[in-house]
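Here is how the chains run, residue by residue.
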Amino acid sequence: MSKQGTAPPEPQDFERVLSSMCTVPHPAAREAAERFLATNPGDPTTYQTVAELEREAVATLGEMTGLPDPEGYVASGGTEANLQAVRAARNLAASDDPNVVAPESVHFSFQKAADVLGVELRLAPTDDRRADPAAMADLADEDTALVVAVAGTTEYGRVDPVPALAEVAEDADALLHVDAAWGGFVLPFTDRDWHFGHAAVDTMTVDPHKMGRAVIPAGGFLARDERVLDALAVDTPYLESTSQATLTGTRSGAGVASAQAAMAELWPAGYRETYERAQANAEWVADALETRGYEVVDPVLPLVAVDVPRATVEALRDRGWRVSPTSAGELRVVCMPHVTREMLSAFVDDLDSV
Ligand SMILES: *Cc1c(COP(=O)(O)O)cnc(C)c1O
């Protein structure tokens, strides 16, 4: 019951949100989310339409990532997808003490996965903010179940050398996972080698609720081989369908339907346009900051990290800018679809005056 005369709370607007990897959903995604709010893709025989939308979403994700016949599902986010990649690799591993080898730049969700699943996470030093295949190979051994590459790191938008890491995985007889949670919707428009078609990639994370403009929660977990999904499946006695490979049980039909709707609307032309605009914005703001004497980490993808004194970051926050630092302390400007040239221009003006 709403109290009379009390306006419902308003969410923040995106006017000054610069460091988030989430954004304004596409109108078609928002509409689909509302329509499918009361559906549960975790029970696909009861909720058949949303189950069909999920198959379409996975097929499109496969197209984006060079996988003509993809296995997978729309997860709650990158964290679940990464956890599932580790879980599948652990379950398929011959070793009873399996480990995961990843670069130091890997997302913190792997810490959670390692903790929950009881596997050792070995982090290799990076080379110029990218995974160093030699350092990763040094950490890999006969107990390595999974090698992780990041295609679009959270802090600097860097793309690991996926083909070289595929060799590291092959030498260790391990699976290769590519975490493209953020980068997956921009990388198709670059000349990078990052996906299933470029190397022997086994599993991938790619999140519609980041650059894909779906509503939260909509992550993506993809696998080349059906064996991977089988390694995750458990029997489901009280549902009509007989097994379930997802981590969650009941899950969001809103997320699934919105992911399908956003991709139906935007793949590929709309996402290409979004990428080109975002990349141009990132290069513009990187230039503007460099001209002012700041040290800027070059935006390989539409994400700029800039070394700004702590006090300046605080002053910008006081002016309403939502900015968060990297672990090394740089300020991150993530050029998400809601970030316009006007916003960036206002941001640079504020930076000049604080
Ligand atoms: C955001 C991100 C994740 C985590 O995804 P959530 O949807 O927040 O759970 C994992 N990996 C990378 C590279 C990310 O940028």
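Residue positions are counted from 1 within each chain, in the order its sequence is given. Owing to the predicted nature of the model, reporting of local features is limited to residues with pLDDT of at least 70; listing and counting of side-chain atom pairs is limited to 80 or more, with chain, interface and lining totals taken over all residues. To get the side-chain values, take all heavy atoms of the structure and skip hydrogens and water.

Student: Would you mind showing me how to read the overall build of the protein chain here?
Tutor: In terms of helices and strands, the protein chain carries eleven helices and 14 strands. Radius of gyration here is computed from C-alpha atoms only, and the compact-globule reference equals 2.2 Å multiplied by the residue count raised to the power 0.38. The C-alpha radius of gyration of the protein chain comes to 21 Å, within 12% of the 20 Å expected for a compact globule of 354 residues. Counting only C-alpha atoms, the protein chain reaches 60 × 60 × 35 Å along its principal axes. Within the protein chain, buried positions represent 55% of all 354 residues. Between two residues, a contact is recorded if the distance between any of their heavy atoms is within 4.5 Å. Considering only residue pairs separated by 6 or more positions, the protein chain has 70% of its internal contacts joining residues 24 or more positions apart. Working note: accessible area of the protein chain is about 15,700 Å², and carbon and sulfur atoms make up 47% of it. The charged-residue count follows a simple rule in which Lys and Arg add positive charge and Asp and Glu add negative charge, with His and chain termini not counted at all. Where a charge lies is defined by one atom per residue type, namely NZ (Lys), CZ (Arg), CG (Asp) and CD (Glu). With 27 positive and 57 negative side-chain charges, the protein chain shows a separation of 7 Å between the mean positions of the two kinds. Here a strand is any run of E in DSSP of at least two residues, a helix any run of H or I of at least four, and the numbering for each starts at the N terminus. Think of it in three bands: with a 1.4 Å probe and only protein chains considered, a residue is buried below 20% of the maximum accessible area for its type, exposed above 50%, and partly exposed in between. For the area figures, the Shrake-Rupley method with a 1.4 Å probe applies, and any residue is considered shielded solely by the protein chains shown.

Student: Would you explain the nonpolar core in this entry?
Tutor: Membership of the largest hydrophobic core comes to 84 residues, with the highest contact counts inside it found for Leu18, Leu176, Leu331, Val333 and Phe347. As annotated, the domain borders come from an automatic or database domain assignment. Counting contributing residues per domain, this core is built from domain 1 (27-266) and domain 2 (269-353), each supplying no fewer than three. When residues no more than four places from it in sequence are discounted, the contact partners of Leu18 are Trp321, Arg322, Val323, Arg332, Val333, Val334, Val339, Met343, Leu344 and Phe347. Each nonpolar core is a collection of buried residues, namely Ala, Val, Leu, Ile, Met, Phe, Trp, Tyr and Cys, held together in the definition by side-chain atoms within 4.5 Å. With 17 residues, the next largest nonpolar core counts Val86, Ala89, Ala145 and Val150 among its residues.

Student: I tried to follow the packing of helix H2 (residues 48-64) against helix H8 (residues 253-266) on my own but got confused; where do I start?
Tutor: Describing two packed helices takes the angle between their axes plus the distance from one axis to the other. Here an angle of 0 to 180 degrees is reported between the N-to-C directions of two axes, which are lines fitted to C-alpha atoms, with helices fitted over the stretch in contact. Contact geometry for H2 and H8: axes closest at 9 Å, N-to-C directions at 50°. It follows from the interaxial angle that H2 and H8 lie oblique. The chirality of how H2 crosses H8 is left-handed. Residues Val50, Leu53, Glu54, Glu56, Ala57, Thr60, Leu61 and Met64 of H2 pack against Gly253, Val256, Ala257, Gln260 and Met263 of H8. For this classification, under 35 degrees means roughly parallel, over 145 means roughly antiparallel, 65 to 115 means roughly perpendicular, and everything else is oblique. Should the near helix be turned anticlockwise from the far one by less than a right angle, the crossing is left-handed, and should it be turned clockwise, the crossing is right-handed.

Student: Before we go on, may I ask you to explain the domain arrangement of the protein chain in this structure?
Tutor: By a widespread convention, an interface's size corresponds to the accessible area lost as its parts come together. With domains assigned, the protein chain is organised as domain 1 (27-266) and domain 2 (269-353). Just the C-alpha atoms count here: the centres of domain 1 and domain 2 sit 28 Å apart. Between domain 1 and domain 2, the residue contacts involve 23 residues of the former and 21 residues of the latter. Summing the contributions of domain 1 and of domain 2, the shared interface buries around 2,000 Å²; its carbon and sulfur component is 66%. Here a salt bridge means any side-chain nitrogen of Lys or Arg lying within 4 Å of a carboxyl oxygen belonging to Asp or Glu. Seen at the junction of domain 1 and domain 2, the total is one salt bridge. Arg129 is the salt-bridge partner of Glu330, the closest N and O atoms lying 3.8 Å from each other. Polar contacts, as counted here, are pairs of nitrogen or oxygen atoms within 3.5 Å of one another; within protein the pair requires one atom able to donate a hydrogen and one able to accept it, and residues that are adjacent in sequence qualify only if both atoms are side-chain atoms. In this structure, the connection of domain 1 to domain 2 is made through eight residue pairs in polar contact (both at pLDDT 80 or more). Of the residues that constitute the side of domain 1 that touches domain 2, the class distribution is eleven nonpolar, six polar and six charged. Accessible-area loss on putting two parts together, using a 1.4 Å probe and summing over both, is the definition of buried area adopted here. Residues are grouped as follows: Ala, Val, Leu, Ile, Met, Phe, Trp, Tyr, Cys and Pro are nonpolar; Asp, Glu, Lys and Arg are charged; every other residue, Gly included, is polar.

Student: Whenever I open this one, the layout of surface pockets confuses me. Can you help?
Tutor: Over the atoms, a rolling probe the size of a water molecule traces out where space has been left empty. Lining residues are defined by having an atom within 4 Å of a point belonging to a cavity or pocket. Those points lie on a 1 Å grid over the protein atoms alone, cavities being sets where a 1.4 Å probe fits but cannot get out and pockets being open sets with protein on both sides within 12 Å along at least five of seven lines. Grid points are joined across faces, edges and corners, and a volume is the space filled by probe spheres set on the points. When its volume is computed, the largest pocket comes out at roughly 570 Å³. Lining the largest pocket are 23 residues, with Gly72, Tyr73, Leu229, Ala245 and Arg251 sitting closest to its centre. Of all the secondary-structure elements, those providing two or more residues to the lining of the largest pocket are H2, strand E1 (71-75), helix H7 (226-230) and strand E11 (243-244). Split into classes, the residues belonging to the lining of the largest pocket amount to ten nonpolar, seven polar and six charged. Taken as a whole, the second largest pocket holds about 370 Å³ of empty space. Looking at the second largest pocket, it is lined by 18 residues, and the ones nearest its centre are Glu104, Ser105, Val106, Glu155 and Ser327. Considered class by class, the residues forming the lining of the second largest pocket number six nonpolar, seven polar and five charged. Formed jointly, the lining of the second largest pocket draws a minimum of three residues from each of two domains, domain 1 (27-266) and domain 2 (269-353).

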